[in-house]
Amino acid sequence: MSDTFTHSDVETCPAFSIKHLSLITLPLALLITTNVFGHGAASAPATQGNPEIQTQADARKIVFPDTETHKTLVVDLHTHTVFSDGHVWPKIRVGEALRDGLDAMAVTEHLEYQPHIADIPHADRNRAYAETLAAAEGSDLMVIAGSEITRSEPVGHINAVFINDANALFEITTPPEDPADVRALFEASDAWPAQNAVDAAAKQGAFMFWNHPYWTAQSPDGIARMNDFHQGNIEAGKLHGIEVANGRDYSAEAHAIALEHSLTLIGVSDVHDLIDWDYAPHNGGHRPVNLVLATDRTPEALRSALFAGRTLVWFKNLLIAREPEMTAMLDASLEVTAASYRPNTQVLDVSIHNHSDARYDLHNLTDMTFMDHANHISIAPHATTTFSVKPGEAATNVALTFEVRNALLTPTSHPSITFNVTPEVE
Ligand SMILES: [Zn+2]
Ligand SMILES: [Zn+2]
């Protein structure tokens, strides 16, 4: 989302001496890699070799297991920096991504809404990407080029990622008298038809998704609704996904639209300030992310998986996905690690280990009851829960079926999972 037009924040200038630039002529400077003129690589968490600090640093990393058939990539495809209405330099976004253990991220600036334009008058809208790329150099983080196409309703905001030139996605036919007049600049760019921007991104092979379609600034009742613009672009194969989770919000209506129109489920932070302020990862919080099931850990495989709709959304400990991706992730996350009858009883002790960052809330769907739990079993992240079930006889195969309450297949339904437990019987 974007700020209002009343923007009073004070920005501090990044530490980079212009003296370095004056030694080289500008055309030559443009040929040199972004690293040279970037503001340095982002730092990894400082642990000073202290294992306790290392544990703390690792604790905030978002960790989900690979599935049987795919690699699980942790991805945030919607963030902002000072190059539009965010309040940090791209290097900080990269530092946050490294701390959160992301596999890929995109900085997606509003092309048309530029509240810092007086201080950062970048005519080249690829600068944010170049700075992000430079900050990620030497790390494993994949930086995806993207932009946020920003219009009034009914178009609203659309993210285009995997683009190769952001400048082609916006045009100012009649420049405002004062180039630093933020509102006039937005109105001048807003005048260029949104369809032109979408067409330009489509030409570059972009993956496009509808941002926060429920945003109360543009949809005051908070309800996402399909309209002709988005419907037309879906039918034309130009709009491929929709945010069902953005920042602090989940939209049941956006989720329903995704299922009805076969759109890729997207979950993003849309962070403007600091991840630590918004999500308190030191207190166990996490930013909303996509878990993308890709054939490989490469940008190309990530792109293909997005087009194929192989995503889950992880939002406030809720997993949101279609059936195939959900089943794959549940199967990879939860494993029966032990099962045996208590001596001289028909009471079966079962241990289930959770290989993921999600806290699983399992609700018993069988007729069997437990010794030490009511109908509900919780399995903490990366922990094992042991419970005792009463099948009534020392059976060699016990099917335990649970509803997974921290997961959604539709806005109103949870998936279920069955563990076929095979204890040894004496
Ligand atoms: Zn945004
Ligand atoms: Zn937005």
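Residues numbered from 1 in each chain as written. Chains lettered and ligands numbered in written order. Predicted model: local features only at pLDDT ≥ 70, side-chain atom pairs only at ≥ 80, totals over all residues. Heavy atoms only, no water.

(A) Seen up close, the coordination of the zinc ion (ligand 1). Only His78 (NE2), His80 (NE2), Glu148 (OE) and Asp270 (OD) from the protein reach the zinc ion (ligand 1) as donors, at distances of 2.0 to 2.4 Å. Around the zinc ion (ligand 1) sit four donor atoms; with metal-centred angles ranging over 77 to 160°, the donor geometry is irregular. If you list the donors of the zinc ion (ligand 1) from N- to C-terminus, the spacing comes out as H-x1-H-x67-E-x121-D. If you look at the zinc ion (ligand 1) and the zinc ion (ligand 2), they sit 3.4 Å from each other and are both ligated by Glu148. Here the two residues His78 and His80 agree in accessibility, since each one is buried. (Donors = N, O, S within 2.8 Å, 3.2 Å for Na, K, Ca; no water. Tetrahedral: all angles 85-135°; square planar, octahedral: opposite > 155°, others 65-115°. Buried < 20%, exposed > 50% of the residue type's maximum accessible area, 1.4 Å probe, protein only.)

(B) Seen up close, the coordination of the zinc ion (ligand 2). Protein coordination at the zinc ion (ligand 2) comes from Glu148 (OE), His157 (ND1) and His212 (NE2), with a distance range of 2.0 to 2.2 Å. Summarised as a motif, the one-chain spacing of the donors to the zinc ion (ligand 2) is E-x8-H-x54-H. Classification of His157 by relative accessible area gives buried; the value is 3%. In this structure His212 comes out as buried when scored by relative accessible area, which is 2%.

(C) Layout of the pairing of strand β17 (residues 398–404). Counting buried positions along β17 gives six out of seven residues, so the element sits mostly inside the fold. Sheet topology note: the β17/strand β19 (residues 416–421) ladder contains six bridges and is antiparallel. In the strand pairing of β19, Glu403 is matched with Ser416. (Helix = DSSP H or I, 4+ residues; strand = E, 2+ residues; numbered from the N terminus. Pairing = 2+ DSSP bridges.)

(D) Molecular detail of the packing of aromatic side chains. This model, assessed by the stated rule, comprises nine aromatic pairs. Taking the centre distance of 6.3 Å and the plane angle of 15° together, the rings of Phe370 and Phe402 count as stacked. Residue Phe370 is located in the loop between β14 (360–364) and β15 (376–379), and its partner Phe402 is located in strand β17; the two are separated by 32 residues in the primary sequence. A centroid spacing of 6.1 Å and a plane angle of 65° characterise the contact between Phe402 and Phe419, whose relative ring orientation is edge-to-face. Taken together, the positions of Phe402 in strand β17 and Phe419 in strand β19 put the pair 17 residues apart, joining distant regions of the chain. For Phe402, a relative accessible area of 1% puts it in the buried group. Taken together through their ring pairs, the aromatic side chains of Phe370, Phe387, Phe402 and Phe419 make up a single cluster. (Phe/Tyr/Trp six-rings, centres within 6.5 Å; stacked < 30°, edge-to-face > 60°.)

(E) Structural context of the sheet that holds strand β13 (residues 348–354). The three strands are arranged β12-β13-β16 in an open sheet whose pairing can be described as antiparallel. Only two strands of the sheet have a single neighbouring strand rather than two, namely β12 (334–341) and β16 (384–389). Direction aside, neighbouring strands of the sheet carry axes that sit 20° apart on average. Pairing geometry for β12 and β13, over seven bridges, is antiparallel. Opposite Leu334, over in β13, you have Asn354 as the bridge partner. Taken strand by strand, helix α13 (residues 323–333) contacts β12 and β13, and its axis lies near 50° from that of β12. (Axes fitted to C-alpha atoms, helices over the stretch in contact; angles between N-to-C directions. Contact = heavy atoms within 4.5 Å.)

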